Amino acid sequence: MNIAVFASGSGSNAENITRYFDRKPEDKVTLILSDNPNAGVIERARKLQVPVFVFTKDQLQNGAVKEVLERQSIDFVVLAGFLKLIPKNLIEKFPGRIINIHPSLLPKYGGRGMYGSKVHEAVKAAKEEYTGITIHFVNEKYDDGAIILQVKEKLRPKDDVSDIEKKVHRLEYNYYPEVIEDLLDDIRAKNKK
Ligand code: GRF
């Protein structure tokens, strides 16, 4: 199946997912999309030789992004550090086939404005004993769809924001590709019935 990855920033998850599926026979990342023309993910995509589509907010809203996904025969959409809300036109086109990763144990530290290091700063400020990742289906609200997997990580009082970020990234790299693969296997199994 063809996977599209949406990212607004550095794109280390997008790269990790692309490399994971490069080693697999059945599924591939065939398109990387970004709403940010200056995002690091664009250079990563170029190195990985994956086509990139950079789009505007209007193109996301008016169905132009959806048309690109259709034209490229995309089966599954992965958000990895993507900061805009996914519009109804995409949710309806890919029911149960759009997922996101959030760098905290939702519902804690989620919602509008909670992204990237802001999440880890808030976790640190609250002296949380644990943080972690949440992988969830995407709906029309921020960080709100049904949870697929949460993984917890113990924090030490001396962990600073960048230590927390590193711990969370490690979890993301370990778990996100496998969750995507499992969901694709489920879709394949259902299609065969
Ligand atoms: C990740 O922590 C992801 O969970 C979050 O934004 C970060 C993106 O990192 N939503 P990268 O762009 O994949 O390096």
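Whatever comes next refers back to the structure up there.
Residues numbered from 1 in each chain as written. Predicted model: local features only at pLDDT ≥ 70, side-chain atom pairs only at ≥ 80, totals over all residues. Heavy atoms only, no water.

Q: What am I meant to see in helix H2 (residues 40-48) here?
A: In an α-helix, one turn spans 3.6 residues; hence positions three or four apart end up facing the same way. Among all positions in H2, only Val-41, Ala-45 and Leu-48 are buried. Seen from one end, H2 has its buried residues packed into an arc of 65°, which puts them on one side. Turned more than 90 degrees away from the buried face of H2, the exposed residues are Arg-46 and Lys-47. The inward-facing, buried residues of H2 contact helix H1 (12-22), strand S2 (28-34) and strand S3 (52-54). Looking at the residues trailing H2, positive phi occurs at Gln-49, about 60°. (Buried < 20%, exposed > 50% of the residue type's maximum accessible area, 1.4 Å probe, protein only. Helix = DSSP H or I, 4+ residues; strand = E, 2+ residues; numbered from the N terminus. Arc of directions from axis to C-beta. Contact = heavy atoms within 4.5 Å.)

Q: Would you take a moment to explain the site of the ligand for this structure?
A: Taken together, the residues surrounding the ligand are Ser-10, Gly-11, Ser-12, Asn-13, Gly-81, Ile-101, Pro-103, His-169 and Glu-172. For the ligand, an oxygen atom lies 2.8 Å from a polar atom in the backbone of Asn-13. Side-chain polar atom of His-169 to an oxygen atom of the ligand: 3.3 Å apart, as the coordinates give it. Broken down by secondary-structure element, the contributors of at least two residues to the shell around the ligand are H1 and helix H7 (161-192). Residues belonging to the shell around the ligand are distributed by class as follows: 2 nonpolar, 6 polar and 1 charged. (Near = heavy atom within 4 Å. Polar contact = N/O pair within 3.5 Å; in protein donor to acceptor, adjacent residues only side chain to side chain. Nonpolar A, V, L, I, M, F, W, Y, C, P; charged D, E, K, R; others polar.)

Q: Before we go on, may I ask you to explain the pairing of S2 in this structure?
A: Side-chain direction in a regular strand flips from residue to residue, so the side chains alternate between the two faces of the sheet. With 5 of its 7 residues buried, S2 lies for the most part within the structure. Of the pairings in the sheet, the one linking strand S1 (residues 2-6) to S2 comprises 5 bridges and is parallel in character. Its bridge partner being in S2, Val-5 is matched across the sheet by Ile-32. Following the chain from S1 across H1 to the adjacent parallel S2, one finds a crossover that is right-handed. Two elements, S2 and S3, share 3 bridges in a ladder whose sense is parallel. Of the residues in S3, the one forming a bridge with Ile-32 is Val-52. Note that the unit made of S2, H2 and S3 has a crossover that is right-handed. (Pairing = 2+ DSSP bridges. Right-handed = clockwise from strand over helix to strand, strands pointing away.)

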